[in-house]
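Overview (structure and organization)
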Amino acid sequence: MTTDTSPAPELRRKIGDVYLNDNPPPGAHRATWFTTALMREPDNVQHHHMARDFLAVIDLYRRLTAALDGTDDPQTGLVIHGFIGHATAELVGATRDPGWRAAALDLLDPDGHTEAPLDRADAVRLFALATGLLPERPELSDAAD
């Protein structure tokens, strides 16, 4: 994630490109707010910073969803699913805590040292619950085993 120094019209265009395409990420209301704020106050440095940060989260959200589609490992899928939840929360404005981003980037661009956070059976069950593949009461189904 690099820092972009684009002027307000370029930032508005980038945000518009994301949300005017098929399958936009969550956060359309915040995207509208950013484009309006950048139009009304094109020289507001804080709005520029916030818009660039918003675009960085969009990029991370897309990378995470692509990684989730490409993984067969339930442990990795469970972790990615959690990071997608953090990204979604940030895109809709529910949180401003960017601490999860470093961990997500470590997952997407590993340094070679990784350990499984859970044993495989627990990871499969949690992943199935998180993605809706199991009923709310897992004792009713052994589908994850």
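Residues numbered from 1 in each chain as written. Predicted model: local features only at pLDDT ≥ 70, side-chain atom pairs only at ≥ 80, totals over all residues. Heavy atoms only, no water.

This part takes up the overall build of the protein. A count of helical and extended segments in the protein gives 6 helices and 0 strands. Counting from the amino terminus, helix and strand elements in the protein follow one another as α-α-α-α-α-α. When the 145 residues of the protein are sorted by exposure, 32% land in the buried category. In the protein, once contacts between residues fewer than 6 apart in sequence are set aside, the share between residues at least 24 apart is 59%. Carbon and sulfur atoms make up 52% of the accessible area of the protein, which amounts to about 9,000 Å² in all. (Helix = DSSP H or I, 4+ residues; strand = E, 2+ residues; numbered from the N terminus. Buried < 20%, exposed > 50% of the residue type's maximum accessible area, 1.4 Å probe, protein only. Contact = heavy atoms within 4.5 Å. Areas by Shrake-Rupley, 256 points an atom, 1.4 Å probe, with all protein chains shown as cover.)

Turning next to the packing of aromatic side chains. Evaluated as defined, the whole model comprises 3 aromatic pairs. Measuring from centroid to centroid gives 6.1 Å for Y19 and F54, while their planes differ by 15°, and the two rings are stacked. Of this pair, Y19 sits in helix α1 (residues 8–19) while F54 sits in helix α3 (residues 45–69); the two residues are 35 residues apart in sequence, bridging distant segments of the chain. Aromatic side chains W33 and F34 sit 5.2 Å apart centroid to centroid with 75° between the ring planes, which places their arrangement in the edge-to-face category. Judged by its relative accessible area of 42%, W33 falls in the partly exposed class. Each residue in the set Y19, W33, F34 and F54 is aromatic and connected to the rest through ring pairs, giving one cluster. (Phe/Tyr/Trp six-rings, centres within 6.5 Å; stacked < 30°, edge-to-face > 60°.)

Close contact between helix α4 (residues 74–91) and helix α5 (residues 99–108) brings their axes to 10 Å; oriented N to C, the two are set at 140°. By the angle class used here, α4 and α5 are oblique. Both α4 and α5 take part in a crossing whose hand is left-handed. Along its contact with α4, which presents T76, V79, I80, F83, H86, A87 and E90, the element α5 presents W100, R101, A103, A104 and L107. Its residues assigned to classes, the contact of α4 with α5 comprises 8 nonpolar, 2 polar and 2 charged. (Axes fitted to C-alpha atoms, helices over the stretch in contact; angles between N-to-C directions. Parallel < 35°, antiparallel > 145°, perpendicular 65-115°, else oblique. Left-handed = near helix turned anticlockwise from the far one by under 90°. Nonpolar A, V, L, I, M, F, W, Y, C, P; charged D, E, K, R; others polar.)

By size, the foremost hydrophobic cluster in this structure holds 25 residues, and its most contacted members are I15, Y19, F54, I58, L64, L91 and W100. Not counting residues within four places of it along the chain, the set of residues in contact with Y19 comprises P24, P25, P26, G27, A28, A31, F54, I58 and L91. (Core = buried A, V, L, I, M, F, W, Y, C linked by side-chain atoms within 4.5 Å.)

The backbone of N23 sits at a positive phi, close to 55°, despite the residue not being glycine. With respect to the helices and strands, the residue N23 is situated in the loop between α1 and α2 (28–40). You can call N23 exposed: its relative accessible area is 70%.

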